[in-house]
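Report on the structure
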Amino acid sequence: MRVLGIETSCDETGVAIYDTEQGLLADALYSQIDLHRVYGGVVPELASRDHIRKLTPLIQQVLDASNTTKQQLDGIAYTEGPGLIGALLVGVATGRALAWTLGIPAVGVHHMEGHLLAPMLEDNPPQFPFLALLVSGGHTQLIAVESIGHYQLLGESIDDAAGEAFDKTAKMLGLDYPGGPVISKLAQQGRPDIYRFPRPMTNRPGLDFSFSGLKTFALNTWQKAEFKNEQSKADIARAFQDAVVDTLLIKCKRALKQSGLKRLVVAGGVSANAALRTELNRLNQQGIEVFYPRLEFCTDNGAMIAYAGAIHLQRGQQQSLSFGARPRWPLASD
Ligand code: KG4
Ligand code: ZN
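Heads up: these notes are all about the structure in this document. Remember, it's a predicted structure, so these values are computed and weren't measured experimentally.

So, the pattern of salt bridges
Overall, the coordinates contain 16 salt bridges when judged by the stated rule. For Glu122, the salt bridge goes to Arg294, with nearest N and O atoms at 2.9 Å. Of this pair, Glu122 sits in the loop between helix H4 (111–117) and strand S6 (130–135) while Arg294 sits in the loop between strand S10 (289–291) and helix H10 (302–314), and the two are 172 residues apart along the sequence. On the accessibility criterion, Glu122 (21% relative accessible area) is partly exposed. Among the ionic pairs, Glu164 bridges to Lys168, the shortest N-O distance being 3.2 Å. Here Glu164 and its partner Lys168 are both found in helix H5 (residues 162–172), four residues apart, which amounts to about one turn of the helix. Look at Glu164 and you get partly exposed, because its relative accessible area is 24%.

Re the environment of Ala275
Residue placement: Ala275 occurs in helix H9 (residues 274–281). We classify Ala275 as partly exposed; its relative accessible area is 27%. Sequence separation between Ala275 and Ile148 is 127 residues; the distance between their C-alpha atoms is 29 Å. With residues up to four places along the chain from it excluded, the contact list for Ala275 reads Gln241 and Val245.

Side note on the side chain of Asp50
Considering the arrangement of structural elements, one finds Asp50 in helix H2 (residues 44–65). One polar contact links Asp50 to Arg53, side chain to side chain, over a distance of 3.1 Å. Ignoring sequence-local partners within four residues, the contact set of Asp50 consists of Tyr30, Gln32 and Leu35.

Here's the deal with the packing of aromatic side chains
Per the counting criterion, the structure on display carries five aromatic pairs. Arranged with centres 5.3 Å apart and planes meeting at 20 degrees, the rings of Phe128 and Phe130 form a pair that is stacked. With relative accessibility at 30%, the residue Phe128 sits in the partly exposed group. Ring centres 5.0 Å apart and planes at 85 degrees place the aromatic pair Phe166 and Phe240 in the edge-to-face group. With a gap of 74 residues between them, Phe166 in helix H5 and Phe240 in helix H8 (residues 230–259) connect regions that are remote in the sequence. Judged by relative accessible area, which is 2%, Phe166 ranks as buried. Residue Phe240 is classed as buried on the basis of its relative accessible area, which comes to 0%. Above the plane of the ring of Trp329 lies Arg326, whose end atom (NZ or CZ) is 4.0 Å from the centre.

So, how was this worked out
All residue numbers here refer to positions counted from 1 along the written sequence of the relevant chain. Here the convention is simple: chains get letters from A, ligands get numbers from 1, in the order in which they are written. Confidence filtering applies because this is a predicted model: local features only for residues at pLDDT of at least 70, side-chain atom pairs given and counted only at 80 or more, and all residues used for totals across whole chains, interfaces and linings. To get the side-chain values, take all heavy atoms of the structure and skip hydrogens and water. The salt bridge criterion pairs a side-chain nitrogen of Lys or Arg with a carboxyl oxygen of Asp or Glu, the two atoms within 4 Å. Runs of E in the DSSP output that reach at least two residues are strands. Runs of H or I that reach at least four are helices, and both are numbered from the N terminus. Whether a residue is buried, partly exposed or exposed follows from its accessible area with a 1.4 Å probe, protein chains only, as a fraction of its type maximum: under 20%, in between, or over 50%, in that order. Should any heavy atoms of two residues lie within 4.5 Å, those residues are counted as being in contact. In the analysis that follows, any N or O atom pair within 3.5 Å is treated as a polar contact, provided that within protein one partner can donate a hydrogen and the other can accept it, and provided that, for residues neighboring in sequence, both atoms belong to side chains. Here a Phe, Tyr or Trp ring, Trp counted by its six-membered ring, pairs with any other such ring whose centre lies within 6.5 Å, and the pair is stacked when the planes are under 30 degrees apart, edge-to-face when over 60, and tilted otherwise. Distance and angle both matter: a charge sits over a ring if NZ of Lys or CZ of Arg is within 6 Å of the ring centre and within 35 degrees of the ring normal.

Shown next as structure tokens:
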């Protein structure tokens, strides 16, 4: 079964073709980061308009790259939510319309299920069951994954998501959008133990997260800093990143212990973070296998949607001709 996947939930237009026999055949991504950078964050209406401009040429690009004609497609998968409603509707309407003209099934995919299954595209995919740490710009979640479609939410962010905390902290320090990669790079120059940030909600039981206080802590630290130079900024970036990484590590350990699971999947934009990977990889010593998507599939992409969609379509799941998009959509729901 050959499936076209479409991702337009935020500021990346991602398209891919996944074949259930041959694997990933082609993928293409257009990032709108340059468009939004001047505003310091994503401007929803600009995002929608840019998806309209880029989606059709990208679809043609992956068809050409995989020597696939539209008639050879067996199904279409698109991100149905959660995300920005206008941006989502571009992918949903395009995917649905294409499926209708070709007379093939189409299926809406949950964006976070796409992230969660992205490591399945790697050579050594995780076996079920596993614990998933999903860390993106919009979500921080710990999920017990029994099998595809069986997801139990163990804990999540009660305010800013981990990626959002990176983005907001970067903004406060006068750094570029998106803040994750920028802070991560700057933190390499930062000295450890110059500043110590709190590890929110780690000294009480539970698996929820709260990262919103860290940006305020970063701002106060910057305002009080004796020298307002690049080195102090790097030291703050380092302390901030250490706090986020440490907090995620503590909660992963707790969730692994509570659930008895021995495999950990880490996915979503923040899973590209090198410091996070180094710390989580240490869990190997405790008999925990840790899995990530390749770097380009940590952030939003079409390949994860094509894969998740192919699995659903293979099981006979498809949607009726009427369609919608969901700006909010809990993963552990129907
Ligand atoms: O998964 P994603 O592409 O989009 C959402 O579904 O939200 O994640 C984007 C988020 C942004 O907040 C970005 O700053 C963060 O992932 N991010 C990183 C890194 N690369 C991207 N955060 C920390 N370190 C990175 N290397
Ligand atoms: Zn995402």
